[in-house]
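# Summary of structural features
So you can see what is in the structure, the chains are spelled out below.
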Amino acid sequence: MNPRPLGIEQVLAFPLHGVQLIEASAGTGKTYTIANLYLRHIIAGREVGQVLVVTFTTAATDELRGRIRARLFEALTLLDGSGRTDDVFLAALVAQIRRAGEEQQALIVRRLRLAVRAMDEAAIYTIHSFCQRALTEFAFNSGQRFQLEVLTNDQPLWRAAVHDWWRTAGYRLDAAHARLFAASLGDLAAFRGLLAPLLGAQHKRLLPEVGPLPAVLARLNALEPELAEIAQHWRRDGDRLAAILRDSKALSRAQKSPYHPQRLATTLTELDAYFDAQPLPPPPDAFAVLGSASISANRLKKPDPLLDDAFFARCGQLVAELGALSRDLRVAALADAAAFARERVRALKAKAQLLSFDDLLTELQAALQGARGAALADAIRAQFPVAMIDEFQDTDPVQYGIFRTLYRDRPDCGLIMIGDPKQAIYSFRGGDIFTYMQAKADLNADLGDGGLYTLETNWRSTPSLINAVNQVFRRRGEDAFVYRETITFAPVVAAERPHRGLSIQGRAQPALRLWTLPLKDDGKARSKQDAGSLTHAAVAAEIARLIDGGRRGEVRLGERPLLPKDIAVLVRTGYEAAELRSVLAERGINAVSVGRESVFQSPEAGALETLLAAVLSPRDRDLARLALGSPLLGREFVEIERVCRGEDEWAAWADGLRQLHESWQRKGFMPMFQQMLSRMGIAAALARGELGERRLTNLLHLGELLQQAYTVHAGLDGLLGWYSRQRAESLAEALSLIH
């Protein structure tokens, strides 16, 4: 499929009905395009409640709502004649509207004015919020209750179900099968780690399918006669066989070899004890040294026909069969445990009338496929005749299945999917590259190339960096990415706008520079730890050099000196970030780590919620006591107890909460927040602990988010309720990543 470029003229003529897919690399104006298409829907007569916009995080919905509101207001101002713009799209759109005549322009102005006033009712949701709304608003057809109670964290239910399975499946086994069970699955903690990706409301198939767990366990019985004969053979001829392994010149005796003299002596002693056992349990790990595969792997080039003894070949065959059994048992156990846990959790939720965030997706999909699915789909389409799916590359099969059912083959409706297929490779937020491929195949089957577009202008990066990246990926031709039939490299061009480049002593610096680590003096590759240390040291030295040059005015970003805040370093893990931060600190350079997780998931978010709850209800003694122990205050247990027990100290603490409550009521959130920071000495308390700067940054960021929300949720209860919901949804998003 060959995508068509989506420029200003194409957006003005973009079809608002049918299914369309827009591929957008980072920095190419995805949100800008969404806002422009939303504006066109409003101009065409849609109400804000009819244009469904779905994205994957609460933060993204807030940003989209703000950007769309601003876009509508800007267009309205231009059409009213009270504004001017340098925006090429808006200028072209307004000119197009004015050419339609005064009557049409007046109608569009009324539509825009109504849309701006009604933006609080706009259907801009996370995927989970949309599914919850669809299930509850159309409860008659979805088969759900009108009021759904959503469980923000169902992990305790899954954990308990897995523990129940472990007891049920493992404790009833006889000794031989129990040993095989433990050897194959490890302990409960290890098994839970293996099982975690299979849990959740969405059913996942585990391949290869090996049959039910009891049948796999029964395969041990079929191996027992062969094992008994091998044991009898060893008891009869073990001394000779052991001597072959001890004395052969054709076996490696290296320190790590299982045939090293000391290690082999221990192994043979263990095998003697094992073969004398009655009844005979499954073989220990030491049994592998008797197998032909182990002998071959450690065999030198010297000939020794004694190592070709039929006994070793027989043991090798049994080792292979036991290995296959252990692997299949692990697969069968994982599948059985996942099915057991899924049914147990489903029953518990049904009894308690609860749904998790993942359940919202699967329940809506099931409802659309159920007996009243057609009526439910008609009702949803009547409410939301058009939909735009932001970050479509993060869509999983269930999510795409929902929108495919709702909008495919519906020419009177519209579905626009917008995303970056390259990001789908990495399965961020549980996205699935094969889901993206399916969507593209559906589009190709329905419209050929007609419904595929691409944004090809990068508005974020400098021309030199864009050219460098283009060159890197062009070298691979059509093989730049996996699944080249779906994901091809589409070069982007730099926007015609002023750019700030990096220069040192007046000389422009390359946009892309590759470093290589030298080999060790002996020509061998470095260890991972050594390579990491060298890399951190080199990066820290380069950052120090750039910062020092910026202070002297020699290193500049555009027309101004380079500042420390202009420098960012991408790392793969939090551990790498901590190590690099430590190396920078040794050079006197402070650095702040920013993770992928939302600030609502930070410890500071929970601690702040405790404090705000106490300020909201200052007469609630329990909340006041909880607030005393907030990690933001850094109080010792002795001090907390002294305040709780002391009449004067408690009165002062409670009075402070009441004053903050009154300040919140009279002056608003931000004045109260700043007063709370000062009165409670929060900044100083954070500075005394580890990562104080990062924690204070998190707290101030949360304060800014709360202040932004205060304009919409002005009441004390409303603002705290909004904050609690953001934390719950953020947790659900994090858990969906784990699944």
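Computed from a predicted model, the values in this text were never measured in an experiment. (Residues numbered from 1 in each chain as written. Predicted model: local features only at pLDDT ≥ 70, side-chain atom pairs only at ≥ 80, totals over all residues. Heavy atoms only, no water.)

Turning our attention to unusual backbone geometry. For the bond from L207 to P208, the omega torsion is 0°, close enough to zero to count as cis. Of note, P208 is situated in the loop between α10 (188-195) and α11 (213-247). Between Q278 and P279 the backbone carries a cis peptide bond, its omega angle lying at -5°. Structurally, the position occupied by P279 is in the loop between α12 (261-275) and α13 (292-297). Although it is not a glycine, E391 sits at a positive phi angle of roughly 50°. Within the secondary structure, E391 is located in the loop between β7 (386-389) and α17 (397-407). A positive phi is found at D409, a non-glycine position, where the angle reads about 60°. Mapped onto the elements, D409 comes out in the loop between α17 and β8 (414-419). Taking the relative accessible area as the measure of exposure, D409 reaches 61% and is therefore exposed. (Helix = DSSP H or I, 4+ residues; strand = E, 2+ residues; numbered from the N terminus. Buried < 20%, exposed > 50% of the residue type's maximum accessible area, 1.4 Å probe, protein only.)

Looking now at the nonpolar core. Core analysis: the biggest nonpolar cluster contains 55 residues, and W165, F191, L195, L245, F275 and L290 have the highest contact counts within it. Among the elements of the structure, α8 (155-170), α9 (175-185), α10, α11, α12 and α14 (310-352) are those that each provide at least two residues to this core. At 14 residues, the largest contribution of residues to this core is made by α14. If we ignore the near neighbours within four places in the chain, the residues touching L245 are L251, R253, Y259, L264, V289, L290, I295, L307 and F312. Within the second largest apolar cluster, 48 residues are counted, among which are L135, L360, A377 and M417. (Core = buried A, V, L, I, M, F, W, Y, C linked by side-chain atoms within 4.5 Å. Contact = heavy atoms within 4.5 Å.)

Further remarks concern the side chain of N470. Mapped onto the fold, N470 is located in helix α20 (residues 463-474). Owing to a relative accessible area of 5%, N470 belongs among the buried residues under this scheme. When near neighbours in sequence (up to four residues on either side) are disregarded, N470 contacts F489, P491 and V492.

Scanning the entire structure with this criterion turns up 37 salt bridges. Across the pair D390 and K30 runs a salt bridge whose closest N-O atoms are separated by 2.8 Å. Highlighted residues: D390 in the loop between β7 and α17 and K30 in helix α2 (residues 30-43), separated in sequence by 360 residues. Neither residue differs from the other here; D390 and K30 are each classed as buried. A salt bridge links D164 to R167, with the nearest nitrogen and oxygen atoms 2.2 Å apart. With D164 and R167 both in helix α8 and three residues apart, the pair spans about one turn of that helix. Relative accessible area serves as the criterion here: at 40%, R167 is assigned to the partly exposed category. When salt bridges that share partners are traced, they join R404, R408, D442 and D446 into one network. (Salt bridge = Lys/Arg side-chain N within 4 Å of Asp/Glu carboxyl O.)

Moving on, we come to the packing of aromatic side chains. Describing an aromatic ring pair means giving the distance of the ring centres and the angle of the ring planes. Summed over all chains, the structure comprises 21 aromatic pairs. Between F473 and F489 the ring centres are 5.3 Å apart and the planes differ by 25°, which places this aromatic pair in the stacked class. Of this pair, F473 sits in helix α20 while F489 sits in the loop between α20 and β11 (493-494), and the two are 16 residues apart along the sequence. Here a set of aromatic residues connected by ring pairs shows up, and it is made of W234, Y274, F275, F287, F311 and F312. When the ring centre of W650 is taken as origin, the NZ or CZ atom of R621, which lies over that ring, is 4.2 Å away. (Phe/Tyr/Trp six-rings, centres within 6.5 Å; stacked < 30°, edge-to-face > 60°. Lys NZ or Arg CZ within 6 Å of the ring centre and 35° of its normal.)

Nonpolar side chains collect at one region of the surface, where F434, V482 and Y483 lie side by side and expose about 280 Å² of accessible area between them. Along the chain, F434 falls in helix α19 (residues 433-447). Of the residues examined, F434 reaches a relative accessible area of 49% and is grouped as partly exposed. (Patch = residues over 30% accessible without salt bridge, like charges linked within 9 Å, V, L, I, M, F, W, Y side chains within 5 Å. Areas by Shrake-Rupley, 256 points an atom, 1.4 Å probe, with all protein chains shown as cover.)

Glancing now at the sheet that holds strand β12 (residues 502-504). Strands sit in the order β13-β12-β14-β15 across an open sheet of four strands; the sheet is antiparallel. In the strand order of this sheet, the two ends are held by β13 (507-508) and β15 (560-561), each with one partner. Sheet topology note: the strand β14 (residues 555-557)/β15 ladder contains two bridges and is antiparallel. Looking at the pairing, L557 lines up with R560 of β15. Along the sheet, helix α21 (residues 528-552) makes contact with β12, β14 and β15, crossing β14 at roughly 85°. (Pairing = 2+ DSSP bridges. Axes fitted to C-alpha atoms, helices over the stretch in contact; angles between N-to-C directions.)

In this section: the sheet that holds β8. Whether parallel or antiparallel, the strands of a sheet pair through hydrogen bonds between backbone atoms. Ordered in space as β1-β9-β2-β8-β7-β3-β4, the seven strands form an open sheet in which the pairing is parallel. The sheet is open, and its two borders are formed by β1 (4-5) and β4 (124-126), each paired with just one other strand. Strands β3 (51-55) and β4 of the sheet are contacted by helix α3 (residues 58-80), whose axis makes an angle of about 170° with β4. Packed on one face of the sheet, α17 meets β2 (18-24), β3, β7 and β8 and runs near 150° to β8.

The two faces of β7 match: V386 and M388 on one face and A387 and I389 on the other face are all buried. Pairing between β3 and β7: four bridges, direction parallel. Paired with L52 across the two strands is A387, which belongs to β7. Strand direction decides the pairing type here: β7 and β8, joined by four bridges, are parallel. Counterpart to A387 in the pairing with β8 is L415. On the question of chirality, the crossover connecting β7 to the parallel β8 by way of α17 is right-handed. (Right-handed = clockwise from strand over helix to strand, strands pointing away.)

We now examine the side chain of H41. Tracing the backbone shows H41 in helix α2. A residue is classified by how much of its surface remains accessible, and H41, at 3% relative accessible area, is buried. Among all residues touching H41, those that are not within four sequence positions of it are L16, R46, V51, V386 and I416.

Let us look at α8. Note that an α-helix has 3.6 residues per turn; residues three or four places apart therefore point the same way. Helix length check: α8, at 16 residues, gives a terminal C-alpha distance of 22 Å against a target of 22 Å (1.5 Å per residue), a fit within 8%. Among the residues of α8, W158, A161, V162, W165, W166, A169 and G170 are the ones counted as buried. Buried positions in α8, seen along its axis, are confined to an arc of 145° and lie on one side of it. Considering only its buried residues, α8 is in contact with α9, α10, α11 and α14. (Expected span 1.5 Å × (residues − 1). Arc of directions from axis to C-beta.)

For the rest of this paragraph, the subject is helix α25 (residues 637-645). Taken residue by residue, α25 has I640, V643 and C644 as its buried positions. Taken around the axis of α25, the buried residues stretch over an arc of 100°, which confines them to a single face. In α25, the exposed positions that point more than 90 degrees away from the buried face belong to V638 and R645. Elements that come into contact with the buried residues of α25 comprise α24 (621-628) and α26 (647-667).

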